[in-house]
Amino acid sequence: MLFNSFEFILLFLPITLTVFLGLGTLKYYRLAIAWLVLASLVFYGYWNPAYLYLIVGSILFNYGISRVIQRLAQNHESRSNIDDRAIESERNSIAKSHSLDSGLKIDEEDQFRPRFFLLIGGIIVNLIVLGYYKYANFFVDNLNAIAGFDVQLKTIVLPLAISFFTFQQIAYLVDVYQKKIVDSDFLDYCLFVTFFPQLIAGPIVHHQEMMPQFKQPAIFRPNLNAMTVGVTLFVMGLCKKVAIADTLAQSANPIFNAALRSQSLTFSDAWLGSLAYTFQLYFDFSGYADMSIGIAQLFGLTLPLNFFSPYKSISIVEFWRRWHMTLSRFLRDYLYIPLGGNRQGNLRRYGNLLITMVIGGLWHGAGWTFVFWGFLHGFYLVVNHMWRRILKQFDRFKSASQLSPLEQMGAIALTFLSVHISWVFFRAESFDAALSMLAAMLGLKGFDFSLTARLLPTLSDPYGINPFVMLGLAATIVFLAPNTYELMRHEKPAFETYEVSSSIQSGTLQWHPTYRWAIATSLLIGITVLHLFQTSEFLYFDF
């Protein structure tokens, strides 16, 4: 079910919210949570009921593993409470046949080994399931191409949200192993995994971020202010998606499809198509992020911030602290740092960055274009860190606040151009199509509007907005307008995944529950309704 569909807006969301608040008002708190789990499963199963078994099976498996890990930890803690004299006696008996240190070391390893093996086993099983559905066809196709085999697999349909709920549960298992989680309630765990506002495309949340909120009785009662904030965020996000992102897609898709078919592209064609996609992806994902936070606010809940004006970043390092912020956090905490992070010298650090980003690219899709996109961003990060290191050695490094306006504009432009080039590989369906786009963008295939001129009648918005005007509008909003979190910062609709408060200008426009903002929101609703009759999936649904 799509957030931008009439079924969701007019039926599913109001019914789910009404029943949840009704049960909560009557103080049937556990029943309200059970209702929300059921509604979330219906939301997921609406796409394809056959895949409900996958998410339910994943929940049962991971919850079961987590419970065993918790019990082993509890047993270890109870054994460690033996009185001092018993411990001393045990040490003496061990020392008779072994050295004291080695005996204790072996004993401690025996206590911790089952928990560790369970954790690793649970992670491996999760990755095998994810790998089968997401990468089996990719692996077999490449094996056939390299080794000359003729292995054939049926086309495996990628289950919706499998990457997100898999990563979220891997993080849960690690947190349980590290004893960050002691809550083992099954119903709460089901809600943690399935909560529909963030199930399909994030944010990737931690258990301790989400579930303590459901212990607060206040969320089960209507909160007019939170609901006003939630509706406003939802409308803003919906407008971004249907009025801007989907309109830009009408320019991006034909041009990238032409590159895939090896049609001749010129400089102007390629830049129109690539910029249209760059801004389409921005508004598509930003819109989803706003809507997910807005829906959570309707239920009195706060999700982590997942998107914060990434095209205003002055470096690639900052870009990844603003784009898909919870995925960046996951890759940092559960991949980059376990690989060694920056603790083992600069060379190892750069290698860890490359590995992390290549895996991040592969997470986005089973294709060599995604792998190269990840490598490209890893390379960008390495160059960024090397450049910072050189500047610091010569005492020339400046923080964002120390840069002049001209220096900031130059840094933003360079970062945006680098990201923009990488999106060509992210969007193109083959390397040849990506290289064709880049060659045209470099002016190697002429400078006229040959393809665009032929496509122009079909590229315009259904209501007559020229694609170039749409690009200008999108760029103005991206680079000059405050984002939704900045508008509503005093309401705190999300908590910060990475610190962003320092990036907000004191004079930034602010939202208030006034008649003027109500009129502005009504206008956005009108614009949105005009574009709602042709629904499309969010781009991150494919990942």
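Colleague: Just checking my understanding: could you explain the overall build of the protein chain for this structure?
Modeller: Scanning the protein chain from N- to C-terminus turns up 21 helices and 2 strands. Here the protein chain holds 543 residues, and the buried ones make up 51% of them. In the protein chain, the share of contacts with a sequence separation of at least 24, taken over all contacts with a separation of at least 6, comes to 78%. Carbon and sulfur atoms form 64% of the exposed surface of the protein chain, whose accessible area is close to 25,500 Å².

Colleague: When you look at helix H10 (residues 224–260) in this model, what are you seeing that I'm missing?
Modeller: Residues that lie three or four places apart on an α-helix share one face, since the helix turns once every 3.6 residues. The end-to-end C-alpha separation of H10 is 50 Å, in line with the 54 Å expected for 37 residues at 1.5 Å each. At glutamine 250, H10 shows its strongest bend, of approximately 30°, with the proline proline 254 following within four residues. Backbone geometry just downstream of H10 places serine 262 in the positive-phi region, at approximately 65°.

Colleague: Can you help me understand the environment of arginine 343 in this one?
Modeller: Considering the arrangement of structural elements, one finds arginine 343 in the loop between helix H13 (325–336) and helix H14 (346–364). Here arginine 343 falls in the exposed class, since its relative accessible area comes to 56%. Polar contacts involving the side chain of arginine 343 include one to the main-chain carbonyl oxygen of isoleucine 337, which spans 3.3 Å.

Colleague: Could you clarify how one ought to interpret the nonpolar core in this entry?
Modeller: Soluble globular proteins tend to pack their nonpolar side chains together in the buried interior. The biggest cluster of nonpolar side chains holds 151 residues, and the ones touching the most others in it are Phe8, Phe299, Tyr311, Trp323 and Trp423. The biggest single contributor to this core is helix H11 (residues 267–298), with 16 residues. Leave out the neighbours within four places in its chain, and phenylalanine 299 touches Leu13, Thr16, Leu17, Phe20, Leu36, Phe196 and Ile219.

Colleague: Could you clarify how one ought to interpret the layout of surface pockets in this entry?
Modeller: If a probe the size of a water molecule is rolled over the atoms, the empty space left behind becomes visible. Estimated volume of the largest pocket: approximately 1,600 Å³. Lining the largest pocket we find 47 residues, and of these Ile314, Ser315, Glu318, Ala400 and Leu403 sit closest to its centre. Residue assignment for the lining of the largest pocket shows that the elements contributing at least two residues are helix H12 (316–319), helix H15 (368–393), helix H16 (405–427) and helix H19 (467–480). Among the elements that make up the lining of the largest pocket, the one with the highest residue count is H16 (10 residues). The residue makeup of the lining of the largest pocket, split by class, is 24 nonpolar, 13 polar and 10 charged.

Colleague: Please explain a nonpolar patch on the surface as it appears in this structure.
Modeller: The grouping of Phe6, Leu10, Leu11, Ile15, Ile525, Val529 and Phe533 at the surface amounts to a nonpolar patch, some 670 Å² of accessible area in total. Sorting the residues of the nonpolar patch by element identifies helix H1 (6–25) and helix H21 (515–531) as the ones contributing at least two each. Structurally, the position occupied by isoleucine 525 is in helix H21. You can call isoleucine 525 partly exposed: its relative accessible area is 38%.

Colleague: What's the story with the side chain of aspartate 175 in this structure? I'm lost.
Modeller: For aspartate 175, the location among the structural elements is in helix H6 (residues 162–177). The side chain of aspartate 175 sits in the buried core without any salt bridge; lysine 180 is the nearest counter-charge, 4.1 Å away. A distance of 3.1 Å separates polar atoms of two side chains, one belonging to aspartate 175 and the other to tyrosine 334. Leave out the neighbours within four places in its chain, and aspartate 175 touches Lys180, Ile181, His206, Gln208 and Tyr334.

Colleague: What's the story with empty space enclosed by the protein in this structure? I'm lost.
Modeller: Tallying each qualifying case throughout the model produces 4 cavities of 30 Å³ or more. A volume near 70 Å³ is recorded for the largest cavity. In this structure, the largest cavity is lined by Leu233, Ser286, Ala289, Asp290, Ile293, Leu305, Phe307, Thr484, Tyr485, Pro493 and Ala494. Top element by residues in the lining of the largest cavity is H11. It accounts for 4 residues.

Colleague: Help me out: how do you make sense of the environment of leucine 444 in this one?
Modeller: Along the chain, leucine 444 falls in the loop between helix H17 (431–441) and helix H18 (450–459). Considering only alpha carbons, one finds leucine 444 and threonine 266, 178 residues apart in sequence, at a separation of 7.9 Å.

Colleague: I tried to follow the packing of H6 against helix H7 (residues 186–194) on my own but got confused; where do I start?
Modeller: The packing of two helices is summarised by the inter-axis angle and the distance between the axes. Packing of H6 against H7 brings their axes to within 9 Å, and their N-to-C directions diverge by 135°. Viewed along their axes, H6 and H7 adopt a mutual orientation that is oblique. Across from Phe165, Gln168, Gln169 and Tyr172 in H6, the residues of H7 making contact are Tyr189, Phe192 and Val193. Of the residues belonging to the contact of H6 with H7, the class tally is 5 nonpolar, 2 polar and no charged.

Colleague: What exactly am I supposed to notice about the pattern of salt bridges here?
Modeller: When charged atoms on two side chains of opposite charge get close, those side chains can pair. Taken as a whole and assessed by the stated rule, the structure comprises 11 salt bridges. Note that lysine 240 is salt-bridged to aspartate 290, the shortest N-O span being 2.7 Å. In this pair, lysine 240 sits in helix H10 while aspartate 290 sits in helix H11, placing the two residues 50 residues apart along the sequence. Across the pair, exposure class does not vary: lysine 240 and aspartate 290 are buried alike. Salt bridges sharing partners connect three or more residues here, namely Arg30, Asp185, Asp188 and Lys215.

Colleague: Teacher, can you tell me more about the packing of aromatic side chains here?
Modeller: Per the counting criterion, the structure on display carries 64 aromatic pairs. Aromatic side chains tyrosine 172 and phenylalanine 192 sit 5.7 Å apart centroid to centroid with 40° between the ring planes, which places their arrangement in the tilted category. In this pair, tyrosine 172 sits in helix H6 while phenylalanine 192 sits in helix H7, placing the two residues 20 residues apart along the sequence. Using a relative accessible area of 1% as the deciding quantity, one classes tyrosine 172 as buried. A relative accessible area of 0% means that phenylalanine 192 is categorised as buried. Taking 5.3 Å as the distance between ring centres and 75° as the angle between the ring planes, the aromatic pair formed by tyrosine 311 and phenylalanine 416 counts as edge-to-face. Remark: phenylalanine 416 occurs in helix H16 and tyrosine 311 occurs in the loop between strand S1 (303–304) and H12; sequence separation between them is 105 residues. When sorted by exposure, tyrosine 311 lands in the same class as phenylalanine 416, which is buried.

Procedures and definitions
- Throughout this document, residue positions are counted from 1 along each chain, in the order its sequence is written.
- Note on the predicted model: pLDDT of at least 70 is required for a residue's local features to be given, and 80 or more for side-chain atom pairs to be given and counted; whole-chain, interface and lining totals, by contrast, use all residues.
- The side-chain values count all of the structure's non-hydrogen atoms but skip hydrogen atoms and water molecules.
- Helix and strand assignments follow DSSP, with helices taken as H or I runs no shorter than four residues and strands as E runs no shorter than two, numbered in order from the N terminus.
- For every residue, the accessible area obtained with a 1.4 Å probe (protein chains only) is divided by the maximum for its type, and the residue is called buried under 20%, exposed over 50%, and partly exposed between those limits.
- Contacts are assigned to residue pairs that have any heavy atoms within 4.5 Å of one another.
- Calculation of accessible area relied on Shrake-Rupley with a 1.4 Å probe; when residues are assessed, cover is drawn exclusively from the protein chains displayed.
- Here a helix's expected span is defined as the number of its residues, less one, multiplied by 1.5 Å.
- We define the bend at any residue as the angle between the axes fitted to the seven residues before and including it, ending there, and the seven starting there.
- Polar contacts, as used here, are pairs of N or O atoms within 3.5 Å; protein pairs need one atom able to donate a hydrogen and one able to accept it. Residues neighboring in sequence count only if both atoms are side-chain atoms.
- Only buried residues count toward a nonpolar core. Its members are Ala, Val, Leu, Ile, Met, Phe, Trp, Tyr and Cys residues joined through side-chain atoms within 4.5 Å.
- Using a 1 Å grid laid over the protein atoms alone, points where a 1.4 Å probe fits but cannot get out form a cavity; open sets with protein on both sides within 12 Å along at least 5 of 7 lines form a pocket; any residue with an atom within 4 Å of a point counts as lining.
- Grid points are joined across faces, edges and corners, and a volume is the space filled by probe spheres set on the points.
- For this classification, Asp, Glu, Lys and Arg are treated as charged, while Ala, Val, Leu, Ile, Met, Phe, Trp, Tyr, Cys and Pro are nonpolar and the rest, including Gly, are polar.
- Candidate patch residues must exceed 30% relative accessible area and have no salt bridge, after which like charges are joined if within 9 Å and Val, Leu, Ile, Met, Phe, Trp or Tyr side chains if within 5 Å.
- Whenever a carboxyl oxygen of Asp or Glu lies within 4 Å of a side-chain nitrogen of Lys or Arg, that contact is scored as a salt bridge.
- Neither His nor the chain termini are counted; the positive set is Lys and Arg, and the negative set is Asp and Glu.
- Helix axes are fitted only over the stretch in contact, all axes being lines through C-alpha atoms; the angle between N-to-C directions runs from 0 to 180 degrees.
- These descriptions rest on fixed angle ranges, namely under 35 degrees for roughly parallel, over 145 for roughly antiparallel, 65 to 115 for roughly perpendicular, and the rest for oblique.
- Geometry of aromatic contacts follows a simple scheme: Phe, Tyr and Trp rings, the Trp one being its six-membered ring, pair when their centres are within 6.5 Å, and the pair is stacked under 30 degrees between planes, edge-to-face over 60, tilted otherwise.

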